[in-house]
Amino acid sequence: MAFRTWGWISLLLPLTLVAQAAPVGAPLMGFSREKSAVELKLEEQFDRSLQPEELRTWMKRLSARPHHLGSAYDRANAEFARDLFKSWGYQAEIEEFQVLFPTPKTRLLELTAPTKFTARLSEPVLPEDATSAQTVEQLPTYNAYSIDGDVTGELVYVNYGVPRDYEVLAEHGIEVKGKIVIARYGGSWRGIKPKVAAEHGAIGCIIYSDPHEDGYFQGDVYPKGGWRNDSGAQRGSVADMPLFPGDPLTPGIGATKDAKRLDRKDAPTLTKIPVLPLSFSDALPLLQALGGPVAPANWRGSLPLTYHLGGGPAKVHLQVAFDWRLVPLYDVIAKLPGTERPDQWIIRGNHHDAWVNGASDPISGAVALLEEARAVSALAKSGWKPKRTLVYALWDGEEPGLLGSTEWVETHAALLDKHAAVYINSDSNARGFLNVGGSHTLEKFINEVGRDVPDPERGMSVLERAKALAIVQGTAEERREARERSDLRIDALGSGSDWTPFLQHLGVASLSLGFSGEGAASGSYHSIYDSFDHYTRFEDPDFAYGIALARTGGRTVLRLANAEVLPFEFTDFSDTIARYLKELDQLTDDLRDQTKEQNRQLQDRSLEAVRDPKEPYFPPKPQPAVPYLNMAPLQNALSRLQESARSYDKAMATLVAQDKLTTPGGTLDNVLLRTERVMTHPQGLPRRPWFKHQIYAPGFYTGYGVKTLPAVREAIEERNWTEATAEIDRTAGVLNQLATEIDRATALLKS
């Protein structure tokens with residue numbers, strides 16, 4: 001998941017510290033008192049329908065064989081899910097696309113000097129894991145959308161391989177030009193590592209799993225425990241998704257059979273250098289052979305060796321080649337038409353494809369969605385009908401780069417712009433704590449949902465448990481807010497799952513839900529050991545948290561479907577924007593102080609080098625001073641936004657107090673669902689126009705990790721002061737436009 005989790009704790013705090021229940025008798029957001037009572041009774045009926053045995057049965061069926069994009073079992077699973085939806089009364093179909101998906105033909109990695117070693121590049125069969133023996137159908141360990149390549153060069157260890165790491169290498173006088181880099185997983189999304197390496201002139205990239213991140217440093221390894229063993233390797237896409245997700249050959253348009261496609265050599269999201277993932281048993285001989293300076297303390301993992309930076313004497317030969325084919329992609333789309341407002345769509349999604357068997361990623365989330373949809377259908381069969389149309393989706397091709405959701409959104413962009421009200425996503429799920437990310441216009445709403453879902457283990461709500469976590473493990477500010485603020489903050493969304501095309505391309509208000517923190521899912525992540533056997537031993541054995549996800553997702557969907565007015569709220573949002581502006585100010589101040597200090601140290605070290613020329617020194621160039629940016633346009637826009645938010649909140653509170661929130665809210669809804677749309681800009685972000693949202697985006701050099709107010713923030717980070725000034729004005733315009741839209745909604749409430 002891209003967003004920061006709310007974490008985990010092992011103790012129960014007194015409810016007086018964490019519980020901030022809604023006022024007695026207060027209606028649900030978007031509902032009158034009368035309709036709130038009806039809704040809560042409906043949710044009780046929904047809960048009684050949920051059956052954990054169904055989740056277990058479906059997981060065993062769906063993860064029984066490898067089902068990567070384009071495989072036979074991938075299609076079989078899609079057809080199985082479609083038929084389930086049909087049997088429950090949904091209008092269900094499979095929508096097919098044709099997408100580029102390379103699979104490996106050649107994988108070779110050799111240490112050629114100072115000793116000889118050939119990497120195994122395989123994960124052994126384990127008797128404790130029944131499906132690990134399905135070697136014929138398994139995709140081998142590789143990185144999708146690496147280019148073909150046959151390269152030999154000296155090896156350099158680059159830590160996590162993010163931009164800052166190359167600055168540290170430069171301070172040690174080490175360059176990677178013409179060399180092959182080895183980076184450990186973590187610190188950033190994997191696709192950033194070959195991207196940054198290529199920018200610095202590297203000719204190849206190896207990404208290995210260090211036990212510090214998900215192996216024996218964390219706990220017992222599989223099969224004794226749940227963590228990654230010495231042969232487990234992480235498959236994954238290395239496409240440059242911060243440019244755009246989806247099919248690399250059809251940016252911005254759906255990858256239909258007759259779509260106009262780029263030539264592969266012109267596809268900008270393919271890597272510039274060959275890439276290969278390794279287990280830590282294969283990486284160990286390579287790292288042992290490195291010489292050069294000892295790596296900084298925070299660069300050292302948990303392998304039994306002294307970590308060196310290299311530049312010799314280790315030399316490696318890396319060769320990869322792929323079968324570059326178009327393969328079919330199968331999205332499962334199921335609809336339950338609404339009665340009063342069928343043109344407003346509540347969309348609920350999870351992907352169904354996996355790198356291998358994928359019990360955790362993604363089947364744990366998919367089976368919770370299926371059980372949720374089955375229980376919703378049982379309500380429909382009992383006589384209830386949703387006010388708005390429900391759309392359930394199981395996306396294909398998420399693992400290679402959000403292909404299924406992106407191609408569906410791009411194909412139906414005009415229709416979705418008109419009809420999509422909210423998108424709710426889930427992905428992997430395990431024991432632990434509720435994690436929520438999404439549009440902050442829905443923050444208050446999803447807090448209310450979390451307040452009404454019981455935690456399976458702790459005898460409190462999942463929201464209360466998340467607040468307890470913040471109080472125990474949060475920063476001082478997070479602890480204070482957890483005690484004093486009525487709502488627990490949700491995370492901003494970067495990328496990494498299927499909300500991306502909805503939120504960041506179209507501007508559809510989105511949420512991402514899931515539980516985690518007490519399982520060992522990362523120990524099997526993208527390996528052959530992400531299996532039914534692993535999941536039912538180490539992640540959610542009784543599927544209690546699968547049911548918790550179904551309850552959370554179900555309430556979210558039902559309330560959005562049934563509300564008399566869409567439950568958007570803007571004071572939490574404006575409060576969040578105020579925080580982001582403070583962060584920009586702090587970023588600029590920190591950069592200014594950092595620049596002054598770096599230049600001072602540079603001058604001191606240069607003087608020392610003159611006094612002692614025997615010590616080699618490779619000075620970086622001095623940085624120009626950081627100017628003072630005029631943030632007034634953003635501050636003025638924020639003030640207007642805050643006033644508009646307060647006015648809407650007051651008008652809504654008046655109607656609720658008078659119990660006059662009645663069903664004729666369709667016109668108001670149409671304005672409310674546009675509020676997220678106006679946070680986009682048709683030109684998109686600088687150098688990546690596909691990403692149109694001006695509040696949330698994945699970072700250009702973080703991949704999954706979010707950048708808020710991204711155009712301004714990244715211009716400051718890149719010291720592009722001219723661009724920063726222009727983006728301050730443009731982002732301020734977006735906030736002013738949002739305030740105007742909120743004012744329209746307020747006027748409708750008052751009328």
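Coordinates for the structure precede this section.
Since we're looking at a predicted model, the values are computed, not measured.

**Structural notes on the nonpolar core**
By size, the foremost hydrophobic cluster in this structure holds 206 residues, and its most contacted members are F85, Y157, Y208, L287, Y392 and I577. Broken down by element, this core gets its largest block of residues, 13 residues, from strand 9 (residues 310–336). Grouped together as the second largest cluster of nonpolar side chains are 7 residues, F244, L685, W690 and F691 included.

**What to know about the packing of aromatic side chains**
The full count for this structure, using the stated rule, is 24 aromatic pairs. Ring geometry for W395 versus W408: centroids 5.3 Å apart, planes at 55°, classification tilted. Of this pair, W395 sits in strand 11 (residues 388–395) while W408 sits in helix 11 (residues 403–411), and the two are 13 residues apart along the sequence. Exposure remark for W408: the relative accessible area of 4% places this residue in the buried category. Ring plane angle 85° and centroid distance 5.1 Å describe the contact between F700 and Y701, whose orientation is recorded as edge-to-face. According to the relative accessible area criterion, F700 is partly exposed, its value standing at 21%.

**Some details on the side chain of S132**
Tracing the backbone shows S132 in the loop between strand 2 (117–118) and strand 3 (143–144). S132 gets classed as buried once you look at its relative accessible area, which sits at 1%. Here D129 takes part through its backbone oxygen, which lies 2.8 Å from a polar atom of the side chain of S132. Leaving out residues up to four positions away in the same chain, S132 has contacts with V125, L126, Q138, I528 and Y529.

**As for the pairing of strand 6 (residues 204–208)**
The buried fraction of strand 6 is high, at 5 of 5 residues. Residues G204, I206 and Y208 line one face of strand 6 and the alternating positions C205 and I207 line the opposite face, and both faces are buried. When strand 5 (residues 180–184) meets strand 6, the two strands line up parallel, connected through 5 bridges. Its bridge partner lying in strand 6, A183 is registered against I207. This β-α-β element, strand 5 to helix 6 (residues 192–199) to strand 6, shows right-handed connectivity. Where strand 6 and strand 8 (residues 275–278) come together, 4 bridges link them in parallel fashion. When the bridges of strand 8 are listed, I206 appears paired with L276.

**Looking at the packing of helix 4 (residues 72–87) against helix 9 (residues 359–381)**
Where helix 4 meets helix 9, the axes come as close as 10 Å, and the angle between the chain directions of the two elements is 20°. Taken together, the axes of helix 4 and helix 9 are roughly parallel relative to one another. Helix 4 and helix 9 meet at a crossing whose hand is right-handed. When helix 4 is examined against helix 9, the residues L84, F85 and S87 are found in contact with a partner set consisting of L369, L370, A373 and K381.

**Details of the pattern of salt bridges**
By the definition in use, this model includes 48 salt bridges. Put simply, R559 and E43 hold a salt bridge, and the shortest N to O gap is 2.7 Å. One end of the pair, R559, is in helix 18 (residues 544–562); the other, E43, is in helix 2 (residues 33–49), with 516 residues separating them in the sequence. Overall, E43 belongs to the buried group, its relative accessible area being 1%. Note that R374 is salt-bridged to E54, the shortest N-O span being 4.0 Å. Within this pair, whereas R374 is found in helix 9, its partner E54 is found in helix 3 (residues 52–62), the two being separated by 320 residues in sequence. On the basis of relative accessible area, E54 is assigned to the partly exposed category, the value being 22%. A cluster of three or more residues bridged by salt bridges with shared partners is formed by E43, D47, E448, R451, D452, R551, R555 and R559.

**Notes on the packing of helix 3 against helix 9**
Where helix 3 meets helix 9, the axes come as close as 9 Å, and the angle between the chain directions of the two elements is 135°. The angle between helix 3 and helix 9 places the two elements in the oblique class. Once helix 3 is placed against helix 9, the crossing between them reads as right-handed. Here E54, L55, W58, M59 and L62 of helix 3 come into contact with helix 9, specifically with A359, I363, S364, V367, A368, L370, E371 and R374.

**Focus: the side chain of S527**
Along the chain, S527 turns up in the loop between strand 14 (509–517) and helix 17 (532–538). Within the local environment of S527, its side chain forms a polar contact with the backbone nitrogen of Y529, the two atoms lying 3.0 Å apart. Residues contacting S527, with those up to four places away along its chain left out, are E123, R228, A233, R235 and V356.

**Remarks on unusual backbone geometry**
Along the chain, G312 connects to P313 via a cis peptide bond; the corresponding omega equals -5°. Looking at the secondary structure, you find P313 in strand 9. Cis geometry marks the peptide bond from D361 to P362, where omega comes out at 20°. With respect to the helices and strands, the residue P362 is situated in helix 9. The phi torsion at L121 lies on the positive side, around 55°, for a residue other than glycine. The residue L121 is located in the loop between strand 2 and strand 3 in this model. Even without glycine at this site, R719 takes up a positive phi of about 60°. Along the chain, R719 turns up in the loop between helix 22 (710–717) and helix 23 (721–750).

Definitions and cut-offs
Throughout, residues of each chain are indexed from 1 in the direction in which the sequence is written. Note on the predicted model: pLDDT of at least 70 is required for a residue's local features to be given, and 80 or more for side-chain atom pairs to be given and counted; whole-chain, interface and lining totals, by contrast, use all residues. To get the side-chain values, all heavy atoms of the structure are used, and hydrogens and water are removed first. Grouping buried Ala, Val, Leu, Ile, Met, Phe, Trp, Tyr and Cys residues that are joined through side-chain atoms within 4.5 Å yields what is termed a nonpolar core. Categorising residues by exposure relies on relative accessible area from a 1.4 Å probe, with only protein chains included: less than 20% of the type maximum marks a residue as buried, more than 50% marks it as exposed, and the intermediate range marks it as partly exposed. Numbering of helices and strands runs from the N terminus, with a helix taken as a DSSP run of H or I at least four residues long and a strand as a DSSP run of E at least two residues long. Each Phe, Tyr or Trp ring (for Trp, its six-membered ring) is paired with any other whose centre lies within 6.5 Å, and the angle between the two planes then decides the class: stacked below 30 degrees, edge-to-face above 60, tilted in between. Pairs of N or O atoms within 3.5 Å make up the polar contacts considered here, provided that, within protein, one atom can donate a hydrogen while the other can accept it, and that residues adjacent in sequence are counted only when both atoms are side-chain atoms. The contact criterion used throughout is that any non-hydrogen atoms of two residues lie within 4.5 Å. For two strands to pair, DSSP has to find at least two bridges joining them. The definition of a right-handed crossover adopted here requires that, viewed with the strands pointing away, the path from the first strand over the helix to the second runs clockwise. Angles run from 0 to 180 degrees between N-to-C directions of axes, and those axes are lines fitted to C-alpha atoms, restricted for helices to the stretch in contact. When an angle is under 35 degrees it counts as roughly parallel; over 145 it counts as roughly antiparallel; between 65 and 115 it counts as roughly perpendicular; any other value is oblique. Crossing handedness is defined as follows: a turn of the near helix away from the far one that is anticlockwise and smaller than a right angle gives a left-handed crossing, while the clockwise case is right-handed. Salt bridge, as used here, is a side-chain nitrogen of Lys or Arg placed within 4 Å of a carboxyl oxygen of Asp or Glu.

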